[in-house]
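# A structural walkthrough
Below, each chain spelled out in residue letters.
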Amino acid sequence: MSEIHDRSDFFVIKALEDGVNVMGLTRGSNTKFHHQEKLDRGEVMIAQFTEHTSAVKVRGKALIQTSHGEMQTE
Ligand code: TRP
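These lines cover the structure that appears in this document, whether it is placed above or below. As the structure is a prediction and not an experimental result, all values here were calculated from the model.

For the rest of this paragraph, the subject is the side chain of N21. Note on placement: N21 falls in strand β2 (residues 20–26). Of the residues examined, N21 reaches a relative accessible area of 12% and is grouped as buried. Leave out the neighbours within four places in its chain, and N21 touches Q36, E37, K38, K57, V58 and R59.

See the structure below:
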């Protein structure tokens, strides 16, 4: 892939049901959940990967848009 993706990229998570969980995981050798956000249906979170956050886990039905494409959790 020739596109350049960096931490300034934003990703979008739109909840398609109540109680969607967005969990941020820490960067580095010790991977832990450091943040949990609850979204209700229709709510949108716009976020970036940062110095502190290198991975995100989404639980619940949601639409996710990133520079890599769009996907829906099941
Ligand atoms: N304070 C966190 C950080 O700067 C906030 C954060 C950024 C975050 N991106 C996230 C939390 C994605 C959950 C998911 O890293």
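Neighbouring the ligand are the residues G24, H34, H35, M45, Q48, T50, H52, T53 and V56. Within the backbone of Q48, a nitrogen or oxygen atom sits 2.7 Å from a nitrogen atom of the ligand. One of the side-chain nitrogen or oxygen atoms of T50 is found 2.4 Å away from an oxygen atom of the ligand. Here the ligand loses 73% of its free accessible area of 370 Å² to cover by the protein chains. When residues of the shell around the ligand are traced back to their parent elements, those giving at least two are β3 (33–39), β4 (44–48) and β5 (53–59).

What follows concerns the nonpolar core. Counting residues in hydrophobic clusters, the biggest one holds 9 residues: F11, I13, A15, V20, V22, L39, A47, A62 and I64. Among the elements that line this core, the one with the most residues is strand β1 (residues 10–15), at 3 residues.

A few words on the sheet that holds β2. Taken in spatial order, the 3 strands line up as β3-β2-β5 in an open sheet, and their pairing is antiparallel. Single-partner strands in this sheet number two, and they are β3 and β5. Mean inter-strand twist for the sheet, computed between neighbouring axes without regard to direction, equals 20°. Strand direction decides the pairing type here: β2 and β5, joined by 6 bridges, are antiparallel. Residue pairing across strands places V22 opposite V58, the latter belonging to β5.

Scoring rules and cut-offs
Residues numbered from 1 in each chain as written. Predicted model: local features only at pLDDT ≥ 70, side-chain atom pairs only at ≥ 80, totals over all residues. Heavy atoms only, no water. Helix = DSSP H or I, 4+ residues; strand = E, 2+ residues; numbered from the N terminus. Buried < 20%, exposed > 50% of the residue type's maximum accessible area, 1.4 Å probe, protein only. Contact = heavy atoms within 4.5 Å. Near = heavy atom within 4 Å. Polar contact = N/O pair within 3.5 Å; in protein donor to acceptor, adjacent residues only side chain to side chain. Areas by Shrake-Rupley, 256 points an atom, 1.4 Å probe, with all protein chains shown as cover. Core = buried A, V, L, I, M, F, W, Y, C linked by side-chain atoms within 4.5 Å. Pairing = 2+ DSSP bridges. Axes fitted to C-alpha atoms, helices over the stretch in contact; angles between N-to-C directions.

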